[in-house]
Amino acid sequence: MDLNEYVGLFLDESMEHLQAINTSLLVFEERLDDEAVIDQIFRSAHTLKGMAGTMGYDAIADLTHEMESALDLVRSKKQPATAELIDVLFVAAEQLETMVEDISRGGKGKLDVTETVRRLQQFIRPEQEEIISVTPSTAPSTFECDVYSEAVVKQSIASGYQAYIVQVELSADVILKAARVYMVFDRLQQLGDVILSNPTSDELEQEHFETSFSVLFVTQQEQSVIQEAVASVSEVATVKMDVFEATPEAEVATSTLPQEVPVATSVPAPTASPESPEQTDLSVPVASKTIRVNLERIDRLMNLFEEFIIDRGRLERIAAEVSSPELTDTVERIKRGTNELQSLVLTLRMMPIEQVFNRFPRMVRSVSKDVGKHIKLHITGAETELDRTVIDEIGDPLVHLIRNAIDHGIENKAERILANKPVEGNLSLRAYHSGNRVFIEIEDDGAGINHERVTRIAIEKGLITEEEAMQLTIEEASMLLFAPGFSTAEEVTDLSGRGVGLDVVKSKIESLGGEVFVETRRGEGTIFRISLPLTLSIISAMLVELGQETYAIPLTAIIETTSLRKSAILQAHREKVFDFRGQLVPLISLNEVYGLPQHEAEAYSVVVVRSGEKLAGLIVSELIGQQEIVMKPLGSYLEGIRAISGATILGDGQVALIIDSNALLRK
């Protein structure tokens, strides 16, 4: 049986347990006597050890084994938890994440964890090691294993295998116990697959058992063949085999396995007698309502649906040209159905932002210790959902902003005491929906942004002139933090001072169709607010004509459309502007931007767009109308075209470029 087919399940389960370990460790650090938290870490480490052992990831199994041993001493009150133990457990959790990530990239999960294992073993009393070495280990009649291993067994049984508990008793005068165990395992591996052993493989190798051990084993061979093969090993006294009975919980676990082979998951309910009809509802098993689906399949479904949207647009165009009532009605019904299907498909791609937020508590703890500050992280709205594409890309910008808040935003202990603030700083991470966008906020209760200092540094670095600095508003001065090469750090450290950071954040967020804003109050704190679209693949856009070409402008950037007479166009600072609700807004001719022929007219169609606090009016030849479009990347050959974020295929087969209003308004 090939265990490679279970790698996906192993990764999903491992990340869940690692997250549980990280979350519980943060609580454990604050409440060292909380038995429930210790039990949670112990159970997660124990389950992770069993899964890693089953899959053959020895480094993970070794490290979790030592974590389990150390935690067992704490929860049994044989040793008190120490700050050193907490630190080494955090290091171990980080190394486990590194190994699991390596496996997700196709690696073997190898990492040198010798130093971490040594530190964990230092915590374990020497007496405990002696107890382990002399305690006899007898093979139980019922084999205890985790739900994950049972799920593997259930899947194997569904594939035609049989599961056995093989109990082996070595001769009383056996000399090389580990060698005999190896020979038994070698014979078993030739006939099937070993899932687990009792004692563990480490204990068997180190001969931490008397003369008996047991193995959970799946095979397609006859029972007699297995017994003969094991009994033929020298110094094996007896071999006993029992059929392994999986617990009912494994039924639920199999529903998360890849469904490449049929799995029997339905359990017939006991027949209720006529005298007790109320028992019928109680005896019906609750079926699992959740399945795991490979993300590649979701992406393939999305790609197929995007093609269908393009064909729907073509069908609508044909129906308008033919003017057939029956065809028009059919197209309308298709449109209503595809709108519902579109909502469903986009929902399938939605993922909670929790998986991004979950990495930050440990990071905040580590960074705040490095800079010598006490900082508490508050997370709200982690259940807010975003498109998977955005989820994959938003992590790094948030890391930059959080590290910036810790290093520059929140004051050190002495400064907070002088400002009559609590020594412990507060950092809040929030996410929430508003309309068709998601907002993420990073707020600190630090000193706020010193606009005079920011402006002075910007002048020194040649980013702005003194005349320009005098005209800046507080909001515009705050946005100087995002200028390329800008840094307020006076010396280079591991966290800051290299002039790389917030400019990368702004570029990444804008590439996702988002915006970033800053709110600050001197002495009270700063809020970085990120606005992101729910999805990047299928968007609503306004189609416009520029000469003979069709372009698309995303509706999320548009405030309104209007018609502007030539006489209403004004001049300010040698630029064309117009009065928009009492505000002078610059006019941009898209024909001029993209090198298309210019045409003078008495009135122009104008699309008013926004990027952050900036407004602009885009002059177009004609407004065509609103349409759902599928955004396609331009590819590496056409990368770098100014103010174009992608392309789409229209109903008539033409390609329309999608205008990036953020890039147009960026100067």
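Rules used throughout
Residues numbered from 1 in each chain as written. Predicted model: local features only at pLDDT ≥ 70, side-chain atom pairs only at ≥ 80, totals over all residues. Heavy atoms only, no water. Helix = DSSP H or I, 4+ residues; strand = E, 2+ residues; numbered from the N terminus. Buried < 20%, exposed > 50% of the residue type's maximum accessible area, 1.4 Å probe, protein only. Contact = heavy atoms within 4.5 Å. Axes fitted to C-alpha atoms, helices over the stretch in contact; angles between N-to-C directions. Parallel < 35°, antiparallel > 145°, perpendicular 65-115°, else oblique. Left-handed = near helix turned anticlockwise from the far one by under 90°. Nonpolar A, V, L, I, M, F, W, Y, C, P; charged D, E, K, R; others polar. Pairing = 2+ DSSP bridges. Patch = residues over 30% accessible without salt bridge, like charges linked within 9 Å, V, L, I, M, F, W, Y side chains within 5 Å. Areas by Shrake-Rupley, 256 points an atom, 1.4 Å probe, with all protein chains shown as cover. Salt bridge = Lys/Arg side-chain N within 4 Å of Asp/Glu carboxyl O. Core = buried A, V, L, I, M, F, W, Y, C linked by side-chain atoms within 4.5 Å. pLDDT = per-residue confidence, 0-100. Expected span 1.5 Å × (residues − 1). Phe/Tyr/Trp six-rings, centres within 6.5 Å; stacked < 30°, edge-to-face > 60°. Lys NZ or Arg CZ within 6 Å of the ring centre and 35° of its normal.

Some points on the overall build of the protein
A count of helical and extended segments in the protein gives 24 helices and 22 strands. Burial statistics for the protein: of 667 residues in total, 46% are counted as buried. For the protein, the share of sequence-separated contacts (at least 6 apart) that also reach a separation of at least 24 residues comes to 72%.

Some words on the environment of Ala61
Secondary-structure assignment places Ala61 in helix α3 (residues 58-75). We classify Ala61 as buried; its relative accessible area is 10%. Residue contacts for Ala61: discarding those within four places in its chain leaves Lys49, Ala52 and Gly53.

Things to note about the environment of Ala447
As for its position among the elements, Ala447 is in the loop between β9 (437-444) and α19 (451-460). Sequence-wise, Ala447 and Arg522 are 75 residues apart; in three dimensions their C-alpha atoms are separated by 5.8 Å. Sequence-distant contacts of Ala447, defined by excluding residues within four places in its chain, comprise Gly409, Glu411, Lys421, Arg521, Arg522, Gly523 and Glu524.

So, the packing of helix α13 (residues 295-322) against helix α14 (residues 325-349)
The geometry of α13 relative to α14 is characterised by a closest axis approach of 10 Å and an angle of 160° between their N-to-C directions. Relative to α14, the element α13 lies roughly antiparallel. Here α13 runs over α14; the crossing is left-handed. In terms of residue class, the contact of α13 with α14 is made up of 16 nonpolar, four polar and five charged.

Regarding the sheet that holds strand β22 (residues 655-659)
Across the sheet, which stays open at both edges, the five strands sit in the order β20-β12-β13-β22-β21 with mixed pairing between neighbours. Both edges of this open sheet fall to β20 (622-630) and β21 (644-649), since each of them pairs with a single strand only. Strand after strand, the sheet turns through a mean of 35° between neighbouring axes, direction not considered. Bridge count between β21 and β22: five bridges; the pairing is antiparallel. Within β22, the position partnered with Gly646 by the bridge is Ile658. Packing against the sheet, α13 makes contact with β12 (538-546), β20 and β21, and its axis sits at approximately 150° to β20.

Focus: a nonpolar patch on the surface
Side chains of Leu301, Leu341, Leu344 and Leu348 sit close together on the surface and give an oily, nonpolar patch of about 340 Å² of accessible area. At three residues, the largest contribution of residues to the nonpolar patch is made by α14. Relative to the helices and strands, Leu341 is located in helix α14.

A word on the pattern of salt bridges
Evaluation of the coordinates by the stated rule reveals 27 salt bridges. A salt bridge links Arg581 to Glu560, with the nearest nitrogen and oxygen atoms 2.1 Å apart. Linking Arg581 in the loop between β16 (575-580) and β17 (583-589) with Glu560 in strand β14 (residues 558-565), this pair joins segments that are 21 residues apart in sequence. Judged by relative accessible area, Arg581 falls into the exposed class, the value being 67%. Linked by salt bridges that have partners in common, Arg430, Glu441, Glu443, Glu519 and Arg529 make up one network.

Description of the sheet that holds β9
Here five strands make up an open sheet; going across it, the order is β6-β8-β9-β11-β10 and the pairing mixed. Of all the strands in the sheet, the pair left with one neighbour each is β6 (375-380) and β10 (515-521). Across the sheet, the axes of successive neighbouring strands diverge by a mean angle of 15°, strand direction being ignored. Strands β6 and β8 (425-434) of the sheet are contacted by helix α16 (residues 360-370), whose axis makes an angle of about 165° with β6.

Here's the deal with the nonpolar core
Counting 48 residues, the largest nonpolar core has Phe360, Leu427 and Ile440 as the members making the most contacts within it. By residue number, the principal contributor to this core is helix α17 (residues 388-409), which donates nine residues. Once residues lying within four places of it in the same chain are set aside, the contact partners of Phe360 are Leu377, Gly395, Leu398, Val399, Ile402 and Leu429. Judged by nonpolar contacts, the second largest core, of 43 residues, contains Leu25, Phe28, Ala59 and Leu96.

Points about the confidence of the model for the protein
Detailed reading of the predicted coordinates is not advisable wherever pLDDT falls low. The pLDDT averaged across the protein works out to 78; a share of 84% of its residues lies at or above 70. Note on residues 249-288: pLDDT is under 50 here. Beyond four places in sequence and across chains, it has 39 contacts.

Some details on α3
With 18 residues, α3 extends 25 Å between its outermost C-alpha atoms, agreeing within 8% with the 26 Å of an ideal straight helix rising 1.5 Å per residue. Of all 18 residues making up α3, 13 are buried, and the element is well covered by its neighbours. Phi turns positive, to about 65°, at Lys77, one or two residues after α3.

Structural notes on unusual backbone geometry
At the junction of Asn198 and Pro199, the peptide bond is cis and its omega measures out at 5° in the coordinates. Structurally, Pro199 is set in the loop between β2 (192-198) and α9 (201-205). Positive phi values are uncommon outside glycine, yet Ser323 reaches one of about 60°. In this structure, Ser323 sits in the loop between α13 and α14. Residue class for Ser323 comes out exposed when judged on its relative accessible area of 55%.

Some thoughts on the packing of aromatic side chains
For the structure on display, the rule yields seven aromatic pairs. Both rings, one in Phe482 and one in Phe528, keep their centres 6.0 Å apart while their planes meet at 80°; by these two values the pair is edge-to-face. Remark: Phe528 occurs in strand β11 (residues 525-533) and Phe482 occurs in the loop between α21 (474-478) and α22 (502-511); sequence separation between them is 46 residues. Among the aromatic residues, those joined into a cluster by ring pairs are Phe185, Phe209 and Phe213. Between Arg75 and the ring centre of Phe42, over which it is positioned, the NZ or CZ distance is 3.6 Å.

Description of the packing of helix α8 (residues 177-191) against helix α10 (residues 223-231)
Packing of α8 against α10 leaves a shortest axis separation of 9 Å and a crossing angle of 155°. Between α8 and α10, the angle is such that the two are roughly antiparallel. When the axes of α8 and α10 are compared, the crossing they make is right-handed. Residues Val184, Arg187, Leu188 and Leu191 of α8 form the contact with α10, whose own contacting residues are Val225, Ile226, Ala229 and Val230. For the contact of α8 with α10, the residue count by class is seven nonpolar, no polar and one charged.

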